Every structure is written in structure tokens, then in C-alpha cells.
Amino acid sequence: MALLWSATEPLRGEVHPTALFGLLYKLVYLKATDPSQWQSVLGRGIGEADLHLPGHRREPLVGADFGLVRDEKFRHVLRFIDEIDMSDGVGPESTAARLADDFLAKGDNRVGRGGAHHTPPAVADLLVRILSSTTSDSVLDPSCGSGELLCAAGRGKALVHGQVANVWSAQMATMNTALHGVSAEIQVGDALTSGCFAQHRFDTVLSNPPFAMRLPSDLTLNLPFGQSANADLAWLQLAVLKLNPLGTAAVVMPAGAAFRGNKETSIRAAMVEAGVVHAVIELPSQLFKHTQISTMLWILRSREAAVPRSDVLLINAAQLGTRVSNSEQILAPQAQARIATEYERWREAAAFKGESGFSHSATFEEVKREDFVLHPARYTVIESAKPGPEDFAKSLATLRAELAGVLREARRTDADLEEGLSRLGRQQREDGSFASLGDICSVVAGPGSLSPDGRAADGRPLILTRNIRNERVDFGEVGAVSTSVAATMGKFAASVGDIVAARVGSDRRFGLVGEGQRGWLVGPGCILLRAREKVLPAFLLHYLTGPDAQRWLDTQKRGTAIHHITTSALKALPVWLPTLSVQQEVIETMAPFRAAALAHNRVGEIVGELKALVLPALLADLPE
């Protein structure tokens, strides 16, 4: 971006920076998407060229902003852009898309747009992470700016929708989404006052609207929960209105929307009482360049899906920023993952316990006592628990006894492992052939959207990605769905010997279904594998978790904000398939490895629990 901007030096002072910025963006768009038109521009000059964007009228490439600037002054810029290799076309990882992202991220201060409304990539990624567990075939951003959120959310979608208040921004959003390989319908008009895709409702609404916009005093909007002079809460209500019955919205707001008083208190009260406010997440300061305004992320649901007076999740992520300069922080992938994981844990939990200083699930009565202020810091005060001497002694004795037993088991598995290693030969097996995974087992993706609605004892247990650990299923808290819902989901029921794969996430996890999980349902984000007669399930599990399969799967993962793998890619995975007798030999040889790993993992867990118990006790001088 810096080099390209420096190439415009001869034009400075003759062309407004905003118009020049727009022209550079249009030239990059032409070079990446229309090679013949680009060659025409190179040959005939910029003054003779026009631009026809999808959904927009054909117009001259340069307008009145450029006055009488001669073509000769553009030649250097054209030559510079022509030397950039954009042969990889368009798409999220293309040269043109990366250049577009750099334009938008670094161009704000050069053209005077102001960075407050541009959505940083890390914030866009967080919104997509949080919404990833819900079905999102249709996407809307009612204030899409330059289309950053549509680019992040539109990967793999047939079409996304956006609205913006002026033609210039609509052109930028159209070009930006196209350069990222996203098909978008961009509509011009103020979404609050002139309507927003009136005949449509959407699975996902996500937006970063302008902050603290004032509404005319004589304007009355048709909003379900009330109207104030500040438009912030109007944007939140618009998001709710545009959701399908099972939809979810994520909207960036200034912090004041969570605590401002007077009329806004009654609007928040009505929204919380109706149950449309799912979560409020405080973000680190200075994520948005050129503004010190603190921001929060509101997660909303439709009025049809809302449960009146339901709990609201409050997450205080204000301290999770990573400073990159005196005036800017970023939200690193680890911080994004921590926020998204906490939201997902709350959404799936039958009984949620927040993390002190970080998260809290507030009841309606709690929020009412706080006069409907939804600032997470008010609900996430760090608690300092100091156990008494009797509690300490009892917990210590229990953990020491468990550790002694697990250490004995670890020593036994170590001996079995050493014996197995001593018998292990170094010969390379050649008695087998490759087969695709889809040929040797059925591959069924879990349902697109399904949430637990009770405890495992009250319904049919639901397998989620968090229940797959250490090559097995049934790890940690297990939710359930009602028996009536389970009765309609027979194809997702697991049998003994099935393998459940985690479809979403950077690590490729697989777990074997045991007798205790017979009939459990495979949930969203998972894939059910059922081996056919040519392969033993335990052998297949070893192969899938082995280095060859894992390397191949890494080459097939999709997405940048959240990695995932498609069922078609998984079906194509090449599997080395020896005879059944050799498969059984592999299973028996690998058994001590798995047993030793499980035992030592448990040793590490207990040691961690002991550390968490002993350290506070030492600091409090409880044990003598």
C-alpha cells in the first residue's frame, strides 16, 4: 500500500485524496477481475475507460473529481499496478484481496475516512467465530461500510446481502467482496429510515454500524422496544427484526449502549425482558484505529426464538488485547478463541459456571437490580475463594489418593509399552492398498443447528466437538436434546465402533464411540464415520490420528477465521488398507501407547489440580 500510494505523488494537490483512493481501488479491481478491460486501460488511457460494477450503472472510471488531469500523469500509476502479479485471480487469499485489505486498513488516515467505522480483521474474525456454530445460509450486514464483515462471513455462501448509505461506499463494498470471491448484493439507502431488504429475513445479521448517530427529533421508527435520540439501540433492534426465527445477530456497539440512562434504560429493559439479548462482550480498547472509544459486541436472537427473562452472558475481555503501538491494540487468535469458546460453553451448558473476572451468566433479576446496565465489568468481579483447613485437608487427601492410583496404572502401562517396543520390528509393511475414506465407511455430517436443551439424564445425549478428546467420546460436560427431538434424528445416532470427527477447529480430532455412548446423537460441528467390512474401527482411528492422515487433512482445511473440513474432502482422504489380520496386529501393538498416554495425561491433570489447591493455601498460610 505504501509503495502504491507513493506512486501517486505526481497527482497530489490536483486530486482529492478520497477520489484518488477510490481510483486506485478500482484499478486493482479491474486488473484482477477483467484482464481485457485492463489492457484497454493500458492502451487507450485512463480518461477513455469506464467501469461497470455488478448492480451499478456503467460510469467513467475517472469522474469530475479529476478535473483536467492529463493521462500522462497516470501512466506511472498504471505501470506500477501492471507489474503486480494478480494471476491468482480473486479469493480470500489472493494477491488482490490482500491488497484490498491493506488498502482499507491503512488507507483510512491517508484519505480522511476515519478508522472508527472500518472493521479490523481480528474483530471480523471474532464475529464469524462466534456465529460459526449456527446455520447461516443467508447473511445480512445492514451497515456494511466497505464490506469487511461480508467478506469474512461470506466464504462458502451462495450470496450475502449488504446495505450502505451512499453510492461510493456501495462501490467499495461491491469491489471488496468480489476481490475476496464473495458474491454480494449491495443495496444503497439508510437502513434505519428507508428500509432494508424489506422482503427478506436472514439466518445471520452482523454489523459494525456508525457509533452514536443522532436521529432527527421528528423521525419515528417502527421499532419493537422503543426509540431514543441516539441510533445505537435502533441498530440493535433492526438486527433483531431482520433475523429468521432461528437466526443470530452479532453487532459491534460503543460501550455507552450498555449503560446510558433515561430512555435507553427502558429500551434495554424491554430487550432483556423479551429475551432477545443473548450476550454482551466487552472488547479491548483501541482495536479501532484513530478512536479511543471502548466497544462491545452484542449477540442477539430473534423474537420468535427468545425466551422471556432468560439469562444474559456477560464476558469481560477488556484485558485480552495485544498492544502493537501506543494507539492501537489487536485481538490475537488466542484471545478470539478464548472468547468464542466461553460463549459456546455457555450456550451448550445445562448449568453454566462463569470464570471469575471473565464471564458471568446473569439472571433477569440480577440485571434488573443493576437497573439494566449491561456492562460486563459490573458482573465479573474477581472472587477470592479461601478454603478452610478442613476443606483443604479433605481435598488434598482425595487428590493424593487418586494420584497414587493413577501413578500405579502409569507404571503398569509403561511396562507394557516397553515390552511392546522391544518386540517391534523395523520392517516396512507392503501388504495392502490405498482406498478413499468414502469407499470404506459412511460419512455423515452432523445437523447444521441444534443446541442442548437439558442434562444428559433428561434426554438423548448430544456429542459436540468438546466431547472428543484423547481419541474417545464422552469427555467433560455432556448436554442432551429432548426425546421428541431425538426421535426425528435417527441418522445421527451413533453405534458402538463408530468414529466421531471434529469438523471445526485447527486440530483434527477423532473419537471412538464405546458401549456407554450407544445411541448418542452426533451434533453440529461433528461428522459421523461408520466403518464397513473392509476396515476395523480401531485401526481406522489409529490411521486417522496418524501423521500421514493429519498432514493430508491440513492441506484440505478451509477458512481463515475458523478452520473446517468438508465431508467431500474427508471422503477423499486416502487410507492405507492392509489385510484384516494386519489391522488387528496394528491395534494390539498400539494399545499400550494409548493406555500409557491416557494414564500420563491423567497424572498431569491431577498434578494441575493439586497445584491449584496447594498454592492458594500456601499463600493464605492455612496448612501448618
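Residues numbered from 1 in each chain as written. Predicted model: local features only at pLDDT ≥ 70, side-chain atom pairs only at ≥ 80, totals over all residues. Heavy atoms only, no water.

Undergrad: Account for the overall build of the protein, with residues named and values stated.
TA: Broken down by element type, the protein carries 19 helices and 25 strands. Expressed as a percentage of the 624 residues in the protein, the buried residues total 49%. The long-range fraction of contacts in the protein, counting pairs at least 24 apart against all pairs at least 6 apart in sequence, stands at 74%. As presented, the protein carries roughly 28,900 Å² of accessible surface, and 52% of it is formed by carbon and sulfur atoms. (Helix = DSSP H or I, 4+ residues; strand = E, 2+ residues; numbered from the N terminus. Buried < 20%, exposed > 50% of the residue type's maximum accessible area, 1.4 Å probe, protein only. Contact = heavy atoms within 4.5 Å. Areas by Shrake-Rupley, 256 points an atom, 1.4 Å probe, with all protein chains shown as cover.)

Undergrad: Describe in detail the side chain of Arg509, supporting the description with residues and values.
TA: Within the element layout of this structure, Arg509 appears in the loop between β21 (499-502) and β22 (510-512). Not counting chain neighbours up to four residues away, the residues in contact with Arg509 comprise Thr465, Arg466, Ile468, Arg469, Val500, Ala501 and Ala502.

Undergrad: So what's going on with the sheet that holds strand β5 (residues 184-188)? Which residues, and what values?
TA: Here we have 9 strands laid out as an open sheet, ordered β5-β4-β3-β6-β7-β9-β8-β10-β13, and mixed in their pairing. Bordering the open sheet on either side are β5 and β13 (359-362), each of which pairs with just one other strand. Pairwise comparison of adjacent strand axes, ignoring direction, gives a mean angle of 15° for this sheet. Two strands pair when backbone bridges link them, and strand β8 (residues 277-282) and strand β10 (residues 312-316) are joined in this way by 4 bridges, in the parallel orientation. When the sheet's bridge partners are listed, Val280 is paired in β10 with Leu314. Of the strands in this sheet, β6 (202-207), β7 (243-254) and β9 (295-301) touch helix α9 (residues 232-241), which is tilted by about 160° from β7. Each of β8, β9, β10 and β13 touches helix α11 (residues 333-348); the most contacted strand, β10, lies at about 160° to it. (Pairing = 2+ DSSP bridges. Axes fitted to C-alpha atoms, helices over the stretch in contact; angles between N-to-C directions.)

Undergrad: Account for the packing of aromatic side chains, naming residues and giving values.
TA: Taken as a whole and judged by the stated rule, the model has 5 aromatic pairs. With 6.2 Å between their ring centres and 85° between their planes, Phe197 and Phe202 make a pair best called edge-to-face. For the pair Phe197 and Phe202, a shared accessibility class is recorded, and that class is buried. Ring geometry for Phe364 and Phe372: centres 5.8 Å apart, planes at 55°, overall tilted. Here the two residues Phe364 and Phe372 agree in accessibility, since each one is buried. Over the aromatic face of Phe358 sits the side chain of Arg338, whose NZ or CZ is 4.0 Å from the ring centroid. (Phe/Tyr/Trp six-rings, centres within 6.5 Å; stacked < 30°, edge-to-face > 60°. Lys NZ or Arg CZ within 6 Å of the ring centre and 35° of its normal.)

Undergrad: Lay out helix α4 (residues 75-82) in plain terms, naming residues and giving numbers.
TA: Count 3.6 residues to each turn of an α-helix, and residues three or four apart come out pointing the same way. Those residues of α4 not exposed but buried are Val77, Leu78 and Ile81. When α4 is viewed along its axis, its buried side chains cluster within an angular range of 100° and face the same direction. (Arc of directions from axis to C-beta.)

Undergrad: So what's going on with the nonpolar core? Residues and values would help.
TA: Counting 45 residues, the largest nonpolar core has Val277, Trp298 and Leu300 as the members making the most contacts within it. It is α9 that contributes the most residues to this core, 7 residues altogether. (Core = buried A, V, L, I, M, F, W, Y, C linked by side-chain atoms within 4.5 Å.)

Undergrad: Outline the confidence of the model for the protein, listing residues and values.
TA: Within the protein, residue pLDDT values average 82, and 85% of them lie at 70 or more. The low-confidence segment residues 109-116 (pLDDT under 50) makes 22 contacts with residues lying over four places distant or belonging to another chain. (pLDDT = per-residue confidence, 0-100.)

Undergrad: Any chance you could break down the state of the cysteines for me, citing the residues and the numbers?
TA: Cysteine pairs can be covalently joined through their sulfur atoms, and such a bond is termed a disulfide. Considering all chains together, one arrives at 0 disulfides under this definition. As a non-bridged cysteine, Cys196 has Cys144 as the owner of its nearest cysteine sulfur, 9.4 Å distant. In this structure Cys196 comes out as buried when scored by relative accessible area, which is 5%. (Disulfide = S-S within 2.5 Å.)

Undergrad: Report on the packing of helix α6 (residues 121-131) against α11, specifying residues and quantitative values.
TA: For the pair α6 and α11, interaxial distance at closest approach is 9 Å and the crossing angle is 25°. Viewed along their axes, α6 and α11 adopt a mutual orientation that is roughly parallel. Crossing angle aside, the handedness with which α6 passes α11 is right-handed. Of the residues in α11, those touching α6 at Ala122, Asp125, Leu126, Arg129 and Ile130 are Pro333, Gln336, Ala337, Ile339, Ala340 and Tyr343. (Parallel < 35°, antiparallel > 145°, perpendicular 65-115°, else oblique. Left-handed = near helix turned anticlockwise from the far one by under 90°.)

Undergrad: How would you summarise the packing of α9 against helix α10 (residues 263-274) if you had to cite specific residues and measurements?
TA: Between α9 and α10, whose axes approach to 11 Å, the crossing angle comes to 20°. With respect to each other, α9 and α10 are oriented roughly parallel. In the packing of α9 onto α10, the handedness of the crossing is left-handed. Every residue of α10 that contacts α9 at Leu233, Leu236 and Gln237 is listed here: Glu264, Ile267, Arg268 and Met271.

Undergrad: Explain the side chain of Arg268 to me, using residue names and the numbers behind them.
TA: In this structure, Arg268 sits in helix α10. Buried and without a salt bridge, Arg268 has Glu264 as its closest oppositely charged side chain, separated by 4.5 Å. Engagement of the side chain of Arg268 in a polar contact is seen with the backbone oxygen of Phe372, the distance being 2.8 Å. In this structure, Arg268 is in contact with Leu233, Gly256, Ala257, Ala258, Phe259, Arg260, Trp298, Phe372, Val373 and Leu374, ignoring residues within four places of it in sequence. (Lys, Arg positive; Asp, Glu negative; His and termini not counted. Salt bridge = Lys/Arg side-chain N within 4 Å of Asp/Glu carboxyl O. Polar contact = N/O pair within 3.5 Å; in protein donor to acceptor, adjacent residues only side chain to side chain.)

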